[in-house]
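Next come the chains, spelled out residue by residue.
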Amino acid sequence: MDLKVRFHELLKKEKAYEYAMQIIGWDSQTEAPRDCFPHRAEMMGILSGELFRIASGKEMQETVYGLYDKKDALDDITSREIRKAKKQLDKIVKIPENEYVEYMSLLQMAQRIWEDAKANNDYESFKGTLGKIIEYTKKFVSYYGEGKHPYDVLLDDYEDGMTMKDYDEFFNVLKQELVPFVRQILAAKDNHDYRFMEEKYDIDAQKKFSDYLMDVMCFNRNRGLLKQSVHPFTWGTSPEDVRLTTRYIENMVFSNVFSVIHELGHATYEQQIDSKWNDTYLTGGTSMGIHESQSRFYENIIGRSQEFWNTHYPKMKSLFPEQLKNVDAELAHRAVNRVEASLIRVEADELTYPLHIMLRYEIERMIMTGQTNVDELPALWNDKMEEYLGIRPETDSEGVLQDVHWSSGMIGYFPTYALGSAYAAQFYNAMNKDFNVLEAVKNNDMGKINAWLKEKIHQYGSSKDPKELLLSVTGEPFNPKYYINYLKDKYSKLYL
Ligand code: ZN
């Protein structure tokens, strides 16, 4: 049989297993009763074993490497698919199985060790494990990285085409422009009363507001739904079925509001991908950074704009007349854009957030280039925190131990978070050349914005890589100046 036909048959089979596992996974995180898990784990083990055999077995290797050998003779679409498939396959095939199994059990343990270390503020008990994770990561990358610098390989794993050189340029601009600007904003006086933010807001009324927001953002309910989970996330099997979650906290009403808007950004991206990519390797959002650009565009550029609050605050006020009786749309807008130096990344505001990421990038880079070691990390972390945000963690739990990523083996992931926001600002600039975006927000016309996103970005799925997409949508390569300008403009107006 033709190699190409065989490849697509195998891929479809692989996708069928993934489909089943994704639906079960969704159920596990939202509605499954507690006692189902032991039996479910056994069933999932069998399914994932089958999936692994299809995705990396002899037949898949023969077809993917066979097609890769004649990639220049393939049509553009298939050649893209094969390049992606090969990248994935290399990681499985080139790492010796026994080392991979050792590493997986190390990660299992690492999770518990990290949790305990964080709870007990005891970095010493975690440091050896972290060192081992770093060693394994370096070793694995040397098997499939084709001689590239290990950190470049990892960065590219999380964001196609990105290298240290690209990120150095990006973060150098942030450091020069944003660090002094943030200091200026943090020094500005703000005498507004924000206590209303921490009052109790009825959960049922919060749910009504989520529902309202889904309509405002024009979410297609025939192709998706909203549920609750401990941590909000978006889950899609195909553009016809994209689900999202939020969480409700009584005294943090805005936590739900911005979780819903953020996840709707991810979900709308997935919903608007052309279904023609469904059975190919090119379905789904193209990268972490581009995905995050869509969620942050929704959350920050639209959802935290004055226009958005002018238009939609009356609805919120009608749901919470008591709590919001002395609050107008302007104060609500200020409240959701409040800037504070904080130690914890996940609680950081839009303006200081990228500095948290910059710190992590710089530390990862030093680890991967051998400029530091696990003994030095806590002090290095705290020094950088003080340099960039003017505050110093008193404990390692609030410092180097705060994130789950490194204990999960995710090195090279962090910088995509900052990249997403910067991409968003560059897309926003391009969109504004076609029409006035905030005018559309003011007129409650998200349909217009979504149509633009679909035409320029979403429909392509993964058939364009991030760099190509940026160039085709905005007419230039990645340029962080749009992000800096956007932040300076917005926060100068609010604070200076
Ligand atoms: Zn996100």
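Residues numbered from 1 in each chain as written. Predicted model: local features only at pLDDT ≥ 70, side-chain atom pairs only at ≥ 80, totals over all residues. Heavy atoms only, no water.

Q: I'm lost on the overall build of the chain in this one. Help?
A: Of regular secondary structure, the chain possesses 20 helices and three strands. Along the first, second and third principal axes, the C-alpha atoms of the chain reach 70 × 55 × 50 Å. Residue pairs at least 24 apart in sequence account for 73% of intrachain contacts in the chain once pairs closer than 6 positions are excluded. As presented, the chain carries roughly 22600 Å² of accessible surface, and 50% of it is formed by carbon and sulfur atoms. (Helix = DSSP H or I, 4+ residues; strand = E, 2+ residues; numbered from the N terminus. Contact = heavy atoms within 4.5 Å. Areas by Shrake-Rupley, 256 points an atom, 1.4 Å probe, with all protein chains shown as cover.)

Q: Whenever I open this one, the nonpolar core confuses me. Can you help?
A: One recurring pattern in soluble globular proteins: nonpolar side chains tend to sit buried together. Ranked by internal contacts, the top residues of the largest apolar core, which has 135 residues, are F196, F254, F297, W309 and I449. In terms of residue count, helix α16 (residues 415-434) provides more of this core than any other element does, 11 residues in total. The two domains that each donate at least three residues to this core are domain 1 (3-147) and domain 2 (164-495). Dropping the residues within four chain positions of it, F297 is found in contact with I302, A424, Y428, M431, V437, I449 and L453. Formed by 13 residues, the second largest nonpolar core is a distinct cluster that contains F7, L67, L89 and Y281. (Core = buried A, V, L, I, M, F, W, Y, C linked by side-chain atoms within 4.5 Å. Buried < 20%, exposed > 50% of the residue type's maximum accessible area, 1.4 Å probe, protein only. Domains from an automatic or database assignment.)

Q: Looking at this model, I keep getting lost on the pairing of strand β3 (residues 241-246). Mind explaining?
A: Side-chain positions along a regular strand alternate between the two faces of the sheet. Across the six residues of β3, six count as buried, placing the element largely inside the fold. What you see with β3 is no split at all: D241, R243 and T245 on one side and V242, L244 and T246 on the other are buried throughout. Relative to β3, strand β1 (residues 224-228) runs parallel, the two sharing five bridges. For G224, the partnering residue across the bridge sits in β3 and is V242. (Pairing = 2+ DSSP bridges.)

Q: Explain the domain arrangement of the chain here, please?
A: It is common to give the size of an interface as the accessible area lost on bringing the parts into contact. By the assigned domains, the chain splits into domain 1 (3-147) and domain 2 (164-495). At the interface, 37 residues of domain 1 touch 43 residues of domain 2. For the pair domain 1 and domain 2, the summed buried surface comes to about 3500 Å²; carbon and sulfur atoms form 63% of the total. When the buried area of domain 1 at its contact with domain 2 is split by residue, W26, R80 and Y123 rank highest and sum to 22% of it. We note a salt bridge from K127 to D375, for which the minimum N-O separation is 2.7 Å. Our enumeration of links across domain 1 and domain 2 arrives at 16 residue pairs in polar contact (both at pLDDT 80 or more). For the side of domain 1 that touches domain 2, the secondary-structure elements that each account for two or more residues are α1 (3-30), α4 (76-93), α5 (97-120) and α6 (124-144). (Buried area = accessible area lost by both parts, 1.4 Å probe. Salt bridge = Lys/Arg side-chain N within 4 Å of Asp/Glu carboxyl O. Polar contact = N/O pair within 3.5 Å; in protein donor to acceptor, adjacent residues only side chain to side chain.)

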